[in-house]
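Examining the three-dimensional arrangement
What follows is each chain in one-letter form.
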Amino acid sequence: MLTDEQKLIARVLDGHVEDYGYFLERYGNEVFSLVVRLVPQQEDAEELVQDAFVHAFNHLDTFVGHSSFSTWLCRIAYNTAVSWLRKRRIKFLSFEELPHPTDAEVDEALDDETRIDELRSAIAGLKPDEQTLISLYYYDNRPLADIAFILSIETGTIATRLHRIRRKLYAIMKHGNKT
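Residues numbered from 1 in each chain as written. Predicted model: local features only at pLDDT ≥ 70, side-chain atom pairs only at ≥ 80, totals over all residues. Heavy atoms only, no water.

1. Structural notes on a nonpolar patch on the surface
Put simply, the test is: To count toward a patch, a residue needs a relative accessible area above 30% and no salt bridge. Like charges then connect within 9 Å, nonpolar side chains (Val, Leu, Ile, Met, Phe, Trp, Tyr) within 5 Å. Only the protein chains shown count as cover for residues, with accessible areas throughout obtained via the Shrake-Rupley method and a probe of 1.4 Å. Each reported salt bridge corresponds to a side-chain nitrogen of Lys or Arg within 4 Å of a carboxyl oxygen of Asp or Glu. Put simply, DSSP marks the helices as runs of H or I at least four residues long and the strands as runs of E at least two long, and each gets a number from the N terminus on. Residue burial is assigned from relative accessible area. The probe radius is 1.4 Å, only protein chains are included, and a residue is buried under 20% of its type maximum, exposed over 50%, and partly exposed in between.
A grouping of Tyr137, Tyr138, Tyr139 and Leu144 is seen on the molecular surface, where their side chains present a nonpolar patch of about 370 Å² in accessible area. A total of three residues in the nonpolar patch trace back to one element, the largest contributor, which is helix H7 (residues 128–139). In this structure, Tyr139 sits in helix H7. Exposure remark for Tyr139: the relative accessible area of 43% places this residue in the partly exposed category.

Written out as structure tokens, the structure reads:
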């Protein structure tokens, strides 16, 4: 049985392009929220969101429903933003460039509520894929399967990456962005 969104997709593919507006309205804020976490300049983020929606529209016939439309669209938006960042050759800190803390040090430092602004600043210094993983998991509470699809990684890899990212955040907060 087709969902309402699958029916809308079929209508758009049949030439009723005005029905695509539903997706813009329904998912525009979600996609913008994802992109603006990677590309903090609002004008650039807005342009990338528009590019992602155009790309999704142009490739709507490739949506096969293995994930929700929202997840598929977020994957397109993520790839669009990451490609944009790569073209600008922005340098991000790697975990190997920082001292390696213990898990207890990480838990203590990241659970201190007085350090929220410092944590947000540290998150901004992460690589785009790391920022996205943090955003999707902690901010958006996305299921692991959705995150794995959006980022094109195995579900089992997510926990390992989250652990490494937490350690990296601790190191950035403790030692700053000086490498």
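2. Quick notes on the pattern of salt bridges
The tally for this structure, following the rule as stated, stands at five salt bridges. A salt bridge links Arg142 to Glu30; the shortest N-O distance between them is 2.5 Å. Of the two residues, Arg142 is situated in the loop between H7 and helix H8 (144–151) and Glu30 in helix H2 (residues 21–38); the sequence distance between them amounts to 112 residues. Within the structure, one salt-bridge network assembled from shared partners comprises Glu30, Arg142 and Asp146.

3. Regarding the nonpolar core
Test applied: To qualify as a nonpolar core, a set must consist of buried Ala, Val, Leu, Ile, Met, Phe, Trp, Tyr and Cys residues joined through side-chain atoms within 4.5 Å. Contacts were defined at the residue level, with two residues in contact if any of their heavy atoms lie within 4.5 Å.
Counting residues in hydrophobic clusters, the biggest one holds 48 residues, and the most contacted among them are Val31, Val35, Phe69 and Leu169. Mapped by element, the contributors of at least two residues to this core are helix H1 (4–13), H2, helix H3 (42–58), helix H4 (69–87), helix H6 (116–124), H7, H8 and helix H9 (155–175). With 11 residues, H4 is the largest single contributor of residues to this core. Look past the residues within four positions of Val31 in its chain and what remains in contact with it is Val49, Phe53, Leu73 and Ala77.

4. Describing H2
An α-helical turn contains 3.6 residues, so a residue and the one three or four places further along point in the same direction. Note the cut-off: To estimate how far a helix should extend, the number of its residues minus one is multiplied by 1.5 Å. To get the bend at a residue, fit one axis to the 7 residues ending there and another to the 7 starting there, then take the angle between the axes.
A rise of 1.5 Å per residue sets the reference length of H2, with its 18 residues, at 26 Å; its end C-alpha atoms lie 25 Å apart and thus fit the reference within 8%. Where H2 bends most, at Tyr27, the angle is about 55 degrees. For H2, the full list of buried residues reads Phe23, Tyr27, Gly28, Val31, Leu34, Val35 and Leu38. Where H2 is buried, its residues meet H1, H3, H4 and H7.

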